[in-house]
Amino acid sequence: MRRGIEFLGSEHAVLCGAMSWVSERSLVSAISNAGGFGVIACGAMTPELLDAEIAATKALTDRPFGVNLITMHPLLTDLIAVCAQHRVSHVVLAGGIPPRGSVEAIKGFGGKALVFAPTLALAKRLLRGGADALVIEGSEAGGHIGPVATSVLAQEFLPELAEDHLVFVAGGIGRGDMIAAYLEMGASGVQLGTRFACATESIAHPDFKKAFFRANARDAESSVQVDQRLPVIPVRALKNKGTEEFTAKQREVAALLDSGTIAMGEAQLEIEKFWAGALRRAVIDGDVENGSLMAGQSVGMVTIEQPVAEIMAQLMAESETALER
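Calculation notes
- Residues numbered from 1 in each chain as written.
- Predicted model: local features only at pLDDT ≥ 70, side-chain atom pairs only at ≥ 80, totals over all residues.
- Heavy atoms only, no water.
- Helix = DSSP H or I, 4+ residues; strand = E, 2+ residues; numbered from the N terminus.
- Rg over C-alpha atoms; globule rule 2.2 N^0.38 Å.
- Contact = heavy atoms within 4.5 Å.
- Lys, Arg positive; Asp, Glu negative; His and termini not counted.
- Charge placed at Lys NZ, Arg CZ, Asp CG, Glu CD.
- Buried < 20%, exposed > 50% of the residue type's maximum accessible area, 1.4 Å probe, protein only.
- Pairing = 2+ DSSP bridges.
- Right-handed = clockwise from strand over helix to strand, strands pointing away.
- Axes fitted to C-alpha atoms, helices over the stretch in contact; angles between N-to-C directions.
- Parallel < 35°, antiparallel > 145°, perpendicular 65-115°, else oblique.
- Left-handed = near helix turned anticlockwise from the far one by under 90°.
- Nonpolar A, V, L, I, M, F, W, Y, C, P; charged D, E, K, R; others polar.
- Phe/Tyr/Trp six-rings, centres within 6.5 Å; stacked < 30°, edge-to-face > 60°.
- Lys NZ or Arg CZ within 6 Å of the ring centre and 35° of its normal.
- Salt bridge = Lys/Arg side-chain N within 4 Å of Asp/Glu carboxyl O.

Just checking my understanding: could you explain the overall build of the protein for this structure?
A tally of regular secondary structure across the protein gives 13 helices and 12 strands. Computed over the C-alpha atoms, the radius of gyration of the protein is 18 Å, within 12% of the 20 Å expected from 2.2 N^0.38 for a compact globule of 325 residues. Its C-alpha atoms put the protein at 60 × 45 × 40 Å along the principal axes. Here the analysis covers contacts within the protein between residues at least 6 apart in sequence; of these, 64% occur between residues at least 24 apart. With 28 positive and 38 negative side-chain charges, the protein shows a separation of 2 Å between the mean positions of the two kinds.

Would you mind going over the pairing of strand β5 (residues 112–116) with me for this structure?
Successive side chains on a regular strand alternate, one facing one side of the sheet and the next facing the other. For β5, the buried fraction is high: four of the five residues fall into the buried class. Here strand β4 (residues 90–94) runs beside β5; their pairing, made up of four bridges, is parallel. Within β5, the residue paired with Leu93 across the bridge is Val115. Crossover handedness for the path β4 to helix α5 (residues 102–108) to β5: right-handed. Where β5 meets strand β6 (residues 133–137), three bridges bridge the pair, whose relative direction is parallel. Within the sheet, the bridge partner assigned to Leu114 lies in β6 and is Ala133. Handedness of the β-α-β unit built from β5, helix α6 (residues 120–128) and β6 comes out right-handed.

It is not clear to me how the packing of helix α11 (residues 241–259) against helix α12 (residues 264–283) should be interpreted in this structure. Could you clarify?
Look at α11 against α12: their axes get within 10 Å of each other, and the N-to-C directions meet at 160°. As far as their axial angle goes, α12 and α11 are roughly antiparallel. Helix-helix and strand crossings are classified by hand; for α11 and α12 the assignment is right-handed. In this structure, α11 contributes Gly242, Glu245, Phe246, Lys249, Gln250, Val253 and Leu257 to the contact, and α12 contributes Met264, Ala267, Glu270, Ile271, Phe274, Trp275 and Arg281. By residue class, the composition of the contact of α11 with α12 is eight nonpolar, two polar and four charged.

Would you mind going over the packing of aromatic side chains with me for this structure?
Centre distance and the angle of the planes are the two values used to describe a pair of aromatic rings. Per the counting criterion, the structure on display carries five aromatic pairs. Ring geometry for Phe208 against Phe212: centres 4.8 Å apart, planes inclined by 35°, an arrangement best described as tilted. You can see Phe208 and its partner Phe212 sitting in helix α10 (residues 206–214), four residues apart, about one turn around the helix. Overall, Phe212 belongs to the buried group, its relative accessible area being 1%. Aromatic rings pair up to connect Phe246, Phe274 and Trp275 into one cluster. When the ring centre of Trp21 is taken as origin, the NZ or CZ atom of Arg280, which lies over that ring, is 5.3 Å away.

I would appreciate a short explanation of the pairing of strand β3 (residues 65–70) in the present structure.
With five of six residues buried, β3 is to be regarded as a mostly interior element. Traced from β3 through helix α4 (residues 76–85) to β4, the parallel crossover comes out right-handed.

When you look at the pattern of salt bridges in this model, what are you seeing that I'm missing?
Pairing of side chains with opposite charge becomes possible as their charged atoms draw close. Per the stated rule, a full pass over the model turns up 11 salt bridges. Ionic pairing is found between Arg25 and Glu53, a salt bridge with its closest N-O pair at 3.0 Å. A residue pair is termed long-range when its members are at least 10 positions apart, and Arg25 in helix α2 (residues 25–33) and Glu53 in helix α3 (residues 47–58) qualify at 28 residues. On the accessibility criterion, Arg25 (31% relative accessible area) is partly exposed. Residue classification places Glu53 among the buried positions, given a relative accessible area of 8%. Note that Asp285 and Arg280 form a salt bridge whose closest N and O atoms lie 3.3 Å from each other. Arg280 gets classed as partly exposed once you look at its relative accessible area, which sits at 34%.

Next comes the structure, spelled out in structure tokens:
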């Protein structure tokens, strides 16, 4: 983990995946205070809300933390400016190819830019273009996912990139021995989301956490794309009425697209707004029937509520044991 630790400035090269409504000041600061690297999920926040969230997180930790920004956010430039004002050390650009100038803007104020890439060719292009680190995330992850498994991505990307670049592996990681395996393959660190979603410090509703504790890997299903003309990134979540409502929402948005009522960009934003609202209903309101229970397939390993420090210590102990074998 040495390179990852030096890059992040944390005790362990363990990033927390940015989970909307979950990865806020309480959980982010707890992860950073426990030696990991917390990441604020900006999601659909306005610049004003992000400004307040960063300030509140700073009040709870003096350790490094980052901010995750969605590339399709209409105010992305303004959000990067907020990060600049706060001298945020690391900014993660997620949800698509970073728009022209975004990586440069982050590096311009001294920040480090982390990006996602679903293909090796794109990864190389983004790294040549100035990105400081890459996150490869497999389909086992929760929330928005790509089509390829983490284990396959690791075998494809790490031999090609790990020697010269910082690569963090994400998706389906729930135990320390799996962290050790990816480190041995050349990863500089890992990213976990689902494992931290139900931590004691997570503000998620008790009913949201209970749904995780009851679930197993097969319950975390990927959403289905209804209309090929409407490119929708699949989302992995626990199956409930909310996942069925998403199918209906896609049909509704596709009809608006066909009628010319909205453009493609607006259509995709409508889908993102749906997820933001559905996720809030589950995480904040505890509506586990109609809300979105975004979870990775590692959810079956989340069986009890634990403090973040305890989770981190357990992961590190498991990792060290595996490496000593």
